[in-house]
Structures are given as structure tokens and as C-alpha cells.
Amino acid sequence: MKQERISAPKGVSEYVPSRSARFEWIRDQLIAPAKAAGYQLMELPVFEDTQLFSRGVGESTDVVSKEMYTFEDRGGRSITLRPEGTAGVMRAVIEHSLDRGQLPVKVFYSGAFFRAERPQAGRYRQFYQVGVESIGLDDPAIDAEVIALADSAFKAIGLKKYRLEITSLGDAQSRAAHKVDLVSFLNTLELDETTKARAQINPLRIFDDKREEIRSAMAKAPLLMDYLSDSSREHFAHVCRYLDALGISYTLNPRMVRGLDYYTGTTFEFVHDGLGAQSGIGGGGRYDGLMETLGGAALSGIGFGLGVDRILLAAEAEGLLIDNQFASDLFLIPLGELAKEKALVIAQNLRQLGIVVEIAFGDRALKGAMKAADKSGSAFAVVLGESELNSGVVELKRMIDGEVSSVKIGELGQVLSAHA
RNA sequence: GUGGGCGUAGCUCAGCUGGUAGAGCACUCGGUUGUGGUCCGAGAUGUCGCGGGUUCGAGCCCCGUCGUUCACCCCA
């Protein structure tokens, strides 16, 4: 009886062959620079106590107020599927007292995140992020290093059409002073009700409005950059100098707004212009008060989150991905029952040497099996039949040009390793 | 949450003013005994997203619904 089909929940991103190989490669490229800089893995739960986000990310943010997957578990606890990574990392750092050892605590994470938004190009309800956090030190060189980690990952992938926007949100005093002037400036504007409501929650949001009339009105608005305290200004100047030294280009964007409440000081965003409306491929910044808010010590930190799905989309838009990078080294074609048994053993031995080996299963005709070898993208193919089993010698066929050479079965490992 | 576009074979799509479904690619097999990529031949595959309505008759029209997509909003 034919059963009704079940499909994936609305708006999730999922990766199956052959595109999954691209996803995996992109994700690994994003992680590599962090590993090379001594950042260590944090593997955390995808669900947390709801309070972690309402308190950490901020009740007033859209992420918390209307985009979280929140539910009650069987014990009556309020649980939320993580909408971002930083709060969870901070929770774990505090819980495991990592901040009581050497500082900074340098960690990275990679995994799925959840936001109950209306899906759109590059926006999914379950999406993937690779992130990094460096916690405990205020050194502006760390800000530069963290930004460089993301930038070098993008460069390793080959991305060209992206840019880095950076600003400083200053310390608490800087923001308080600016807020007073910004609010009184906004009061001089004639805003519609919904915009007013947005300004109530976070006046900085109005800088992000896409409507032309609002943009031009905001041209004269007071900028937070002009309200920075001496120490904030100096910190930011150092960050810029280090970025210059690293040869990382950036544009100052004093009107940049971030959706998470915890950001302070250095704040940045990577934007790609081969994508649609969802053009941010990564972003982050410093967060001075977050750890304390979550019951930990008063330590500062800085980190970023990179959108793996969007970066994959960006790489595809730039035509950067070649699909045969996971092709195997050898495709073994057994003919007959005895050969099949032998093939399993040969394959196992070769794989132990690090050679990627596939076997033609299903007793197909030789022609079909060769076709499968071709499709697999294997570098070499070997037919294993009665005569080969008797002589112990196989014809190693190089698929790219069809050239064959005789090799003893016992020496396949050596020969193939030499080619790899 | 709001608004627009679109749902036909695994993929990309065609299907005349309503007359019970097609192409290309991909897939499988074959073109004399055990060697792929080209060429030739043959074959399999669809509850035309789902539910209802109009009609003698609906893939084509109407309503609903689900999915998808784009934008707003928001952000990775």
C-alpha cells in the first residue's frame, strides 16, 4: 500500500549529494583559519533554557521577541532552539569555569541554528553557522585577529565580491550620551506609527531603514562615532591600524545596526553582493556586558557568526565550486563471485593506506560498471576477473586518457599512493 | 507577521481559445565473448502539489489549502 509522503518542515535548508560536498567543503574552509589560530571546538546543545536568550540576546530584539522556537518540555521547562551561538558559548564558559584559566578563552563552533522567520533566499528556519569567540581580554589586536579569521576563510574559498563594514558602538557611556541626542533628533522628524514604535525599542534601528525619505532625513542624524569616549576611540583606532597592517580592506559604516543587543565597541559585518536581500554572510563584534548579564565575571569578549548557507550561495554565485574534489582514487570492478569477495578485501587494505576506493556492486555488465567508474570521477579503474585472480596482476587504467599499466595486486597501494 | 510570482517525469521546461500528457538532459539495457567518455537503438518513470467547485469533459477556469520563490520586516 502506498503511504502518504512526508516532507521536510517549512523553510529548512538541507544538503544531499552532490551539493552536500560543497557544503562540507565551505564549512571546513570557514573553520580552518580558527583552528590554525589555536581556537578549540565547543560542541553545545541546540536547545537551551529560554532565559539564556531572553536575557543574553535581549528581550527587545526581533530575534527573541518573535523569531524563537520556544516550547515546554515534559518537565515543564521552557526550552528554546538556539537562534544564535554566542549566548550558549558564554553560558558554557561560565558553567565550566573556562574563564578561570588562561585568557583569552578561544573557541569555535559549527552547527545548526533556528529562527521562525518567513523563509526567503538565503534565509532559512534551520540554518548553519560557524562561529568563533575570544573571551576575557580587551586587546584590540584580538578584534583584528578575529576579523582576519573570517576574512582569510573567505579568501581561501575564493570569494571576491564581498566587503567588510566596520564601526564602533563604544562603551556604555558613549552610547548613553549619543542616545539622548539621537532621540531628540528623531522627535523632530515626522515618522509613521510603526517607525516610531521601532525607534522606541532601539533608536539606532532607524539608521537601517531602506526608504529613501527616511534615509535622507537620517543623513543629519547624530552619529555614535562622534560620541565615543577616549578609550573607545583609541581602541577602535588600534583595530583599524591592525587591519591595515594585515592588508584587510574595510569601509567604515557609522550607521551600521546590529540586531543583537549585546554588542559594544568594535562591530562588523561582511556583506556579499551576489546575493539577494539577505546579503550578510557574517557578522560579529565585541560584547562587554554579556558575560556578567549571564551571571559570570565581568569579562569582555569578541566573536562572529558566519552563515554557511549564504556563503555557499555566494560561492556558487561567483562560480567558484568544482565538484570533483571528492572523487575517489580507484574504482574496482569485480567479475564473478570469487572476484567480488577478493575485491572487498583489496579495497579494505587500500583504504587503510588512505586511498579512496569504490567497488562496482550489483553484478552489472562490464560496460555499465565502467560507466559507473567514469561517473564517479575516479582517477583509476581496475577490472578484477578470473585471469587477474590467477595471475595476481591487474591492468590499472588511468581514466583521464585510458592509459593502462600492469600492476601486481600487492603493489596497487604503492603505485596509487605515488600518483596521489 | 504583510504583500506579489510560481507549483506538469529525478532535473529544466513545453502543453493551442478546456477534449483523458510531451521534449531535452539524466537513468537502465543493447549495438556479438572482459573495459568508460562520442554516436546509434530500445526502455522505465507522472494520483499535472492537495481538496473542493463549474462543465458532457479540467493540467488548463473558479475557490480553498499546502509548498516554493521574491520583496518588506529581520538577520547568518
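Shown above is the structure to which this text applies.
A brief structural summary. What you see is a predicted model, and the numbers here were worked out from it, not measured in a lab. (Residues numbered from 1 in each chain as written. Chains lettered and ligands numbered in written order. Predicted model: local features only at pLDDT ≥ 70, side-chain atom pairs only at ≥ 80, totals over all residues.)

## Considering the sheet that holds strand 1 (residues 40–41)
In step 1: Taking strand neighbours across the sheet as the criterion, the eight strands line up as 1-5-6-11-10-9-7-8 in an open arrangement whose pairing is mixed. Of all strands in the sheet, those with a lone pairing partner are strand 1 and strand 8 (251–252), marking the two edges.
In step 2: Summarising the sheet, strand 1 and strand 5 (residues 105–114) pair through two bridges and their orientation is parallel. For Leu41, the partnering residue across the bridge sits in strand 5 and is Phe108.
In step 3: In the packing of helix 5 (residues 140–157) onto the sheet, the strands contacted are strand 6 (126–135), strand 7 (162–168), strand 9 (264–272), strand 10 (280–287) and strand 11 (301–307), and the crossing angle to strand 11 comes to about 15 degrees. (Pairing = 2+ DSSP bridges. Helix = DSSP H or I, 4+ residues; strand = E, 2+ residues; numbered from the N terminus. Contact = placed C-beta atoms within 7 Å. Axes fitted to C-alpha atoms, helices over the stretch in contact; angles between N-to-C directions.)

## Some details on the sheet that holds strand 14 (residues 380–384)
In step 1: Strand order in this open sheet of five strands is 13-12-14-15-16, and the pairing throughout is mixed. Of all strands in the sheet, those bounded by a partner on one side alone are strand 13 (357–359) and strand 16 (404–408). Averaged over all neighbouring strand pairs, the angle between strand axes comes to 25 degrees, with direction disregarded.
In step 2: For strand 15 (residues 393–398) and strand 16, the ladder comprises five bridges, and the chain directions are antiparallel. Paired with Val393 across the strands is Lys408, a residue of strand 16.
In step 3: Along the sheet, helix 12 (residues 337–352) contacts strand 12 (330–334), strand 13 and strand 14; its crossing angle with strand 12, the most-contacted strand, is approximately 160 degrees.

The values are spatial; any link to function lies outside them.
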